[in-house]
Amino acid sequence: MRSKDRIAYFYDGDVGNVYFGPNHPMKPHRLCMTHHLVLSYDLHKKMEIYRPHKAYPTELAQFHSTEYVEFLHRITPNTQHLFANEMARYNLGEDCPVFDNLFEFCQIYAGGTIDAARRLNNQLCDIAINWAGGLHHAKKCEASGFCYINDLVLGILELLKYHARVLYIDIDVHHGDGVEEAFYFTDRYVPFLWYRVMTVSFHKYGNKFFPGTGDVKEIGEREGKYYAINVPLKDGIDDTSFTRLFKTIIAKVVETYSPGAIVLQCGADSLAGDRLGCFNLSIDGHAECVRFVKKFNLPLLVTGGGGYTKENVARCWTVETGVLLDTELPNEIPDNEYIKYFAPDHSLKIPGGNLENLNSKSYLNAIKVQVMESLRSIQISPSVQMHEVPPDFYIPDFDEDEQNPDGRMDQHTLDKQIQRDDEYYEGDNDNDNDYMNTD
Amino acid sequence: MVLKHNKRSFDDDEVYQLSHKHQRQVDYTGHLASFDEIFPFGEILGKPNISGEESFHVSQDEDRLVNITGSELPLVSAEKVFENDTPCVGLEDPNPNFPVTLSSFSWATCNTSQEDVRLERLIFSPDQWDPIDSPHRKLVPIGPDHQAEVPGWVPCGVRVIDGVTDRFLGTCVLPISDSDSKDWRVGQGRTECNCLDESSIRCVRQHVSDARGDMMKTLGLERFRLLGFLDMGEGVSERWTEEEERVFHGVVFSNPASIGKNFWDYLVQVFPSRSYTELVSYYFNVFMLRKRAGQNRVVPLNIDSDNDEWQEGDRFEFSVSEEGEEDNSVVESTPDLLNDVYGRDSDHSIGDGGECEDDECVVFNVSKDEGKDSLPDGAGDDSCTSYEAQHQDSNDDDHKSPHDEDFGINVWDVGYMSRPKEDPDFLPTFNMIEEVFGKEALDNHHHKGW
């Protein structure tokens, strides 16, 4: 383990004063509570705190369709009745209501994940945290499951600028369908026959549980085949079963896929007692997954996600912030503005769930077997072994103050640079000039 | 749409209406226009290859709806056959109740004949049948409207540096400093409380206030502000006048969702000079916290602070089946809570603390500009009079509120209506800033604004 991981933590206070509407289970105020609890444990002294920039529409359109982004930008609660067709097309209005400051909310949580990815890319930190992010259901052209913009896809696309392979892990109780779908299929030629994004999701599946995808047989298509891994689970899974399965699978995934960076979505609705969830995980069990992923010492982007019992969300993500800082937090919660939410025990522990664990050992074993089978398929690359894949690119120390004044390099310049790097020198014959002049 | 609260029973179809998504999709004909072009199942059998250079082998793999990237072909469905090399999952937990059709999953809008064929195949291949997931499987859509553009990997030597967007790496609010981390000790919970009224609302406020003061001293005012402390907690109420607070509470109590009202609509009207963000901030940082204070003392073992509709009087608003009265919608959201704590033998029938007669549900047309002239008749100088009157009426009813009898004080009132500013132990943030940093800092703070 590295002696000291640099942690960058992203937060914008405006995100907590967003309201989805009465009786809507998604309450961004939980982010405010989490932030405050993190601060009350003095964890801010061990990490760098950043306010993210608000993502521009063009940045959001790196994944989403421009029409969808534009609609999100323009629609308001007062005008939505005028755009019934578009509201339906983009799946807005029910699970995904239009509320005041909706677009700004999206810009903040997406900006946090994008900034986090950039800081990781530039090696300005080892771990980056954006608890406001993790809205994994959003699709390219529509909202879904309380998610409007898929910050995870945007973060992964950002990481792909600097890392050959990115691994996505999702422990939300709901299937990470938006991220999986974004990278499920490609028909473009992929050099070296490996695929740049692998998605792994652990979730409840069956009995029409949202979103309905995530079967173990969902493994990707064409060049993406075998790069989507789904671990469908039943109600009531407990710490022991979950963490054992998680560690076994993730260890094999990392060994097989050798990612350059990891994105970890820590949806807290997989905790016992969640309003919408149906698992029996304790905070310790949930956090054990975070601890395990951290041990790989890879650039790590951690986000929030689901979580609909807000005090448990705050507890969970605070504990996990501590885990990422290699700090165990005392159970007794310090006095803070939201202490009332943690009554009567004022403890970080949450009560255990009462659900029966419907995941038999044989069922879990069967799932594990299928997943391992899929992973073996990746190892059977016909012409290229994994060790021949170029290592993750090393970049020198990045001086934050030094900005490239020239803006984005155009493709022509980019091509020339590639050619320069691949030049072959014969003795003292330097062909630079001749080579460039032939362009 | 009324969103259900009771999420724990997943055995039947009472799954939270997240699944509503696909029901909606069926209704939107525009989006589903392409589905009309789906060929009947039988037509594509035996046609494994779709024309095109990069043909997609549609046959043996998986049942799906495929939109060939860049091709002009409509969506086609494929025959579903399990791969022979896929290990059969031997399951001990067959679910015999799986739905025959996928009608609840709009993506697979196959007609009945397709379903029958698929099911038939499965029945005749019991060793390959996964009873848990096979007929349920919702398909992952693919196509240019679904997948991201994954950039090609550019190997060593080149990094595309976007001079514009690379500037956006986040604005540093709190850098790490070695001096901070040297003596760093993780925050501890309160270990001793010497208050005579330990655990009272006053006691809690005192300790929270002390913690706030300590944090402000440690961080300095600027960082305290930048970290968002000024926008968290009951201190937010300092930006509201007493009258505004009374009006706010009155509007919320008078317009519960249980009777189809949305108090947010009224809040926006009543406070035209307040932004929505301010209203939300007050709601969560002041209103909900005070409500939580009440909950902590009324039903400490079964607190559900995510129940937006909970009011302190709701403890008596549960359905007693022998009375034959309708459930209050609040009750529906916390039946276990109420049953566990109070049981069904209580003599209290449904109260109407959360309901009111039409003539009592007033909208407080009070704004800073309009003054008192716009108050409803009979409201008087105190804009919450009608709320209090309503509350009083419910006390006079047969199902009397036992607040006074059981607690001696009305916890609701102490938590909600009393002014923390009048409590000498509770230092508003303004005063705290002045005390810790001096008057000049307070002036600068005002200048910067919140």
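The shown structure was predicted, so the numbers you read here are calculated from the model rather than taken from an experiment.

Draft legend 1. Main features of the overall build of chain B. Helix and strand counts for chain B come out as 15 helices and three strands. Buried residues in chain B amount to 50% of all 450 residues. Within chain B, contacts between residues at least 6 apart in sequence are counted, and of these 65% link residues at least 24 apart. In the form shown here, chain B has an accessible surface area of approximately 21,800 Å², with 48% of it arising from carbon and sulfur atoms.

Draft legend 2. The UniProt feature "active site" (unreviewed entry) in chain A, seen in detail. All names here are of chain A. The feature "active site" (unreviewed entry), as annotated in UniProt, sits at H137 in this numbering. Along the chain, H137 turns up in the loop between β3 (127–130) and α6 (151–159). Excluding residues that lie within four positions of it along the chain, H137 makes contacts with S144, G145, C147, N150, H174, H175, D177, G178, F210 and P211.

Draft legend 3. Quick look at the side chain of N130 of chain A. All names here are of chain A. With respect to the helices and strands, the residue N130 is situated in strand β3. Here N130 falls in the buried class, since its relative accessible area comes to 2%. Leaving out residues up to four positions away in the same chain, N130 has contacts with F10, Y109, G112, T113, V302, T303 and G304.

Draft legend 4. Representation of the environment of R196 of chain A. In this structure, R196 of chain A sits in the loop between β5 (185–186) and β6 (197–204). Sequence separation between R196 of chain A and L160 of chain A is 36 residues; the distance between their C-alpha atoms is 7.6 Å. With sequence-adjacent residues up to four places away left out, R196 of chain A is seen in contact with L160, H163, A164, R165, V166 and Y257 of chain A together with V150, P151, G152 and W153 of chain B.

Draft legend 5. Up close: the packing of helix α6 (residues 242–254) of chain B against helix α7 (residues 263–270) of chain B. Residues and elements named next belong to chain B. Two numbers describe how α6 lies on α7: the axes approach to 9 Å, and their chain directions differ by 150°. Put simply, α6 runs roughly antiparallel to α7. The two elements α6 and α7 meet at a crossing, and its hand is right-handed. Listed contacts from α7 to V247, F248, V251 and V252 of α6 are F263, Y266, L267 and V270. Broken down by class, the residue content of the contact of α6 with α7 amounts to eight nonpolar, no polar and no charged.

Draft legend 6. Molecular detail of the pattern of salt bridges. Per the stated rule, a full pass over the model turns up 30 salt bridges over all chains. Between D235 of chain A and K204 of chain A there is a salt bridge whose closest N-O contact spans 2.6 Å. Of this pair, D235 of chain A sits in the loop between β8 (228–233) and α8 (239–257) while K204 of chain A is found in strand β6, placing the two residues 31 residues apart along the sequence. The two residues D235 of chain A and K204 of chain A agree in class, both being buried. Its salt-bridge partner being E234 of chain B, residue R290 of chain B comes within 3.1 Å of it at the nearest N-O pair.

Conventions and cut-offs
- Sequence order as written defines the numbering, with residues in each chain counted from 1.
- Chains and ligands are labelled sequentially in the order written, the chains with letters from A and the ligands with numbers from 1.
- Since the coordinates come from a predicted model, pLDDT governs what is reported: local features require at least 70, and pairs of side-chain atoms require 80 or more to be given and counted, while whole-chain, interface and lining totals use all residues.
- Water and hydrogen atoms were dropped before computing side-chain values, which therefore reflect all heavy atoms in the structure.
- Strands here mean DSSP runs of E at least two residues long; helices mean DSSP runs of H or I at least four residues long; both are numbered from the N terminus.
- Only protein chains enter the accessibility calculation, which uses a 1.4 Å probe; a residue is then buried when its area is under 20% of its type maximum, exposed when over 50%, and partly exposed in between.
- In what follows, residue pairs with any heavy atoms lying within 4.5 Å of each other are defined as contacts.
- Using a 1.4 Å probe, the Shrake-Rupley method yields the accessible areas, and only the shown protein chains count as cover for residues.
- UniProt positions are given in the numbering used here, feature names are shortened, and annotations may be inferred rather than shown by experiment.
- Axis definition: a line fitted to C-alpha atoms, over the contacting stretch in the case of helices. Angles run 0 to 180 degrees between N-to-C directions.
- We call two directions roughly parallel when the angle between them is under 35 degrees, roughly antiparallel when it is over 145, roughly perpendicular when it lies between 65 and 115, and oblique otherwise.
- Definitions for this section: a left-handed crossing has its near helix turned counterclockwise from the far helix by less than a right angle. A right-handed crossing has that turn clockwise.
- Under the grouping applied here, Gly and all other residues not named as nonpolar or charged are polar, the nonpolar ones being Ala, Val, Leu, Ile, Met, Phe, Trp, Tyr, Cys and Pro and the charged ones Asp, Glu, Lys and Arg.
- Any Lys or Arg side-chain nitrogen located within 4 Å of an Asp or Glu carboxyl oxygen qualifies as a salt bridge.

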